[in-house]
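Reading the structure
The chain contents come next:
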Amino acid sequence: MQPTLADAVQALDALYPPDSAQSWDQVGLVSGDLAQPVERVLFAVDPTLAVIEEARGLGAGLLVTHHPLLLRGIHSVATTSAKGAGVTALVVHGIALFVAHTNADVADPGVNDALAAACGLTDTSALAVVEGQPLGRVGDLTAPTTLAEFVTRLYAALPRAAGGLRVAGPPDGRVSRVAVMGGAGDDMFDHVRAGGADVYVTADLRHHPVLEAREESRGGPPYLVDAGHWATESLWLHEAARRLSGSLEGAGFASSRVETHISTLRTDPWDFVVGAEPPRGIGGTS
């Protein structure tokens, strides 16, 4: 018996309950007929036009993404806009779209557990509780190390992106306790300090929040690592695919009935960097 989209949605909703998403988020089924059979599922971070085409080429009946296609309201799905073209392509080619966003962030295991594992953390706990849900993770390394060595190991564990990793802190800074937040996380600095972290791994760090955080630390911890939005969240895809397969098999569908695939496309929007080298001279921050 072939599972239907309804079976897949039921399994995904159990793994990533929609009521655990943050109040501003838009998660769950976006397109698709619940009665349509699901033979192949593609997992990706972003539902870009190229990823939708990848799903079509695979013959995937279901595309599961971390980021929503329709987070903010739109008034047209005409193909004159990229979002309209995406919705049209999904409908025309019979591809269902399912989104697990902040409900995947807070899941256990979820996005932040995958990032914590890439950092080599043990004994992790929630970095903060927001709207009753555990956001981020904080935990300890098996042994202390330097900031430079920690970031070098993390770089090796992450998928490649043009921006690499940006680091604020001394290369020889001691690192033992680490906080993580996959995706954008520069609104969590108070929780990072409260958690006693020596370094904070996240993404989308902006100038003013970072400068203020470094000034508050007077040059000490917590040090900051911007590891890229796409890179920090893409680690979760393999676990999500494995868990969906296990759930469907547990529901009585043979594992051979559904293929899962991880997108091979890098949806990080940056393509190259010019002049990425340590600055010379004396810096003007703490």
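Note that this is a predicted model, so its numbers are computed, not measured.

**Some words on the overall build of the protein chain**
- For the protein chain, the helix and strand inventory stands at 10 helices and 11 strands.
- Over its C-alpha trace the protein chain gives a radius of gyration of 20 Å, about what one expects of a compact globule, namely 19 Å for 286 residues.
- Each principal axis of the C-alpha atoms in the protein chain carries an extent, and together these give about 65 × 40 × 30 Å.
- Relative to its 286 residues, the protein chain shows a buried fraction of 47%.
- A total accessible area of about 13800 Å² is found for the protein chain, and carbon and sulfur atoms account for 53% of it.

**What about the sheet that holds strand 2 (residues 40–44)?**
- The strand order 1-4-3-2-11 describes an open sheet built from five strands, whose pairing is mixed. This sheet does not close on itself; its edge strands, each paired only once, are strand 1 (28–31) and strand 11 (259–262). Each neighbouring strand pair of the sheet contributes to a mean axis angle of 25°, computed without reference to strand direction.
- In the sheet, strand 3 (residues 62–65) pairs with strand 4 (residues 96–99) via four bridges, with the strands oriented parallel. Paired with valine 64 across the two strands is phenylalanine 98, which belongs to strand 4.
- Helix 2 (residues 49–58) contacts strand 2, strand 3 and strand 11 of the sheet and is inclined by roughly 160° relative to strand 2.

**A few points about the side chain of serine 176**
- In this fold, serine 176 is placed in strand 8 (residues 174–184).
- For serine 176, a relative accessible area of 18% puts it in the buried group.
- Setting aside anything within four residues of it in sequence, one finds serine 176 in contact with Gly139, Asp140, Leu141, Pro144 and Asp198.

**Remarks on the pairing of strand 6 (residues 133–146)**
- Summarising the sheet, strand 5 (residues 121–130) and strand 6 pair through seven bridges and their orientation is antiparallel. Within strand 6, the residue paired with serine 125 across the bridge is valine 138.
- Linkage of strand 5 to strand 6, two consecutive antiparallel strands, is achieved through a turn of two residues, within which glutamate 131 is found at a positive phi near 55°.
- For strand 6 and strand 8, the ladder comprises six bridges, and the chain directions are antiparallel. Each residue of the ladder has a partner; that of threonine 146, found in strand 8, is arginine 174.

**Regarding the environment of threonine 202**
- Along the chain, threonine 202 turns up in strand 9 (residues 199–203).
- Between the C-alpha atom of threonine 202 and that of alanine 179, which follows or precedes it by 23 residues, the distance is 8.5 Å.
- Not counting residues within four places of it along the chain, the set of residues in contact with threonine 202 comprises Met181, Gly183, Ala184, Gly185, Val225, Asp226, Ala227, Gly228 and Thr232.
- A distance of 2.9 Å separates the side chain of threonine 202 from the backbone oxygen of glycine 183, its partner in a polar contact.

**A few points about the packing of aromatic side chains**
- Within this structure, the stated rule accounts for two aromatic pairs.
- For the pair tyrosine 16 and tryptophan 236, a centre-to-centre distance of 5.6 Å together with 75° between the ring planes defines the contact as edge-to-face. Placement of tyrosine 16 in the loop between helix 1 (5–15) and strand 1 and of tryptophan 236 in helix 10 (residues 236–250) is noted, with a sequence separation of 220 residues between them. In terms of burial, tyrosine 16 and tryptophan 236 fall into one category: buried.
- Consider the rings of phenylalanine 189 and tyrosine 200, whose centres lie 5.9 Å apart with planes at 85°: the pair is edge-to-face. Separated by 11 residues along the polypeptide, phenylalanine 189 in helix 7 (residues 189–194) and tyrosine 200 in strand 9 bring together distant segments of the chain.

**Some thoughts on helix 6 (residues 147–157)**
- Of all the positions in helix 6, only Leu147, Phe150, Val151 and Leu154 are classed as buried. All buried residues of helix 6 fall inside an arc of 95° around its axis, so they share one side.
- Along its buried surface, helix 6 packs onto helix 5 (111–119), strand 6, strand 7 (166–168), strand 8, strand 9 and strand 10 (223–226).

**Section: the packing of helix 1 against helix 10**
- With their axes 10 Å apart at the nearest point, helix 1 and helix 10 run at an angle of 120° to one another. Classified by the angle between their axes, helix 1 and helix 10 sit oblique to one another. The way helix 1 lies across helix 10 gives a crossing that is right-handed. Residue-level inspection shows Asp7, Ala8, Ala11, Leu12 and Leu15 of helix 1 in contact with helix 10, the latter providing Arg243, Leu244, Ser247 and Leu248.
- Looking at the contact of helix 1 with helix 10, its residues break down into six nonpolar, one polar and two charged.

**Some words on the nonpolar core**
- In terms of nonpolar packing, the biggest core is built from 50 residues, with Tyr16, Leu62, Phe150, Val178, Val201 and Trp236 touching the most fellow members.
- Beyond its immediate chain neighbours, meaning those up to four positions away, tryptophan 236 contacts Tyr16, His66, Ala100, Ala104, Gly110, Val111 and Ala114.
- Counting residues in each nonpolar core, the second largest holds 17 residues, with Ala128, Phe189, Val192 and Ala213 among its members.

Reading guide: rules and limits
- Residues numbered from 1 in each chain as written.
- Predicted model: local features only at pLDDT ≥ 70, side-chain atom pairs only at ≥ 80, totals over all residues.
- Heavy atoms only, no water.
- Helix = DSSP H or I, 4+ residues; strand = E, 2+ residues; numbered from the N terminus.
- Rg over C-alpha atoms; globule rule 2.2 N^0.38 Å.
- Buried < 20%, exposed > 50% of the residue type's maximum accessible area, 1.4 Å probe, protein only.
- Areas by Shrake-Rupley, 256 points an atom, 1.4 Å probe, with all protein chains shown as cover.
- Pairing = 2+ DSSP bridges.
- Axes fitted to C-alpha atoms, helices over the stretch in contact; angles between N-to-C directions.
- Contact = heavy atoms within 4.5 Å.
- Polar contact = N/O pair within 3.5 Å; in protein donor to acceptor, adjacent residues only side chain to side chain.
- Phe/Tyr/Trp six-rings, centres within 6.5 Å; stacked < 30°, edge-to-face > 60°.
- Arc of directions from axis to C-beta.
- Parallel < 35°, antiparallel > 145°, perpendicular 65-115°, else oblique.
- Left-handed = near helix turned anticlockwise from the far one by under 90°.
- Nonpolar A, V, L, I, M, F, W, Y, C, P; charged D, E, K, R; others polar.
- Core = buried A, V, L, I, M, F, W, Y, C linked by side-chain atoms within 4.5 Å.

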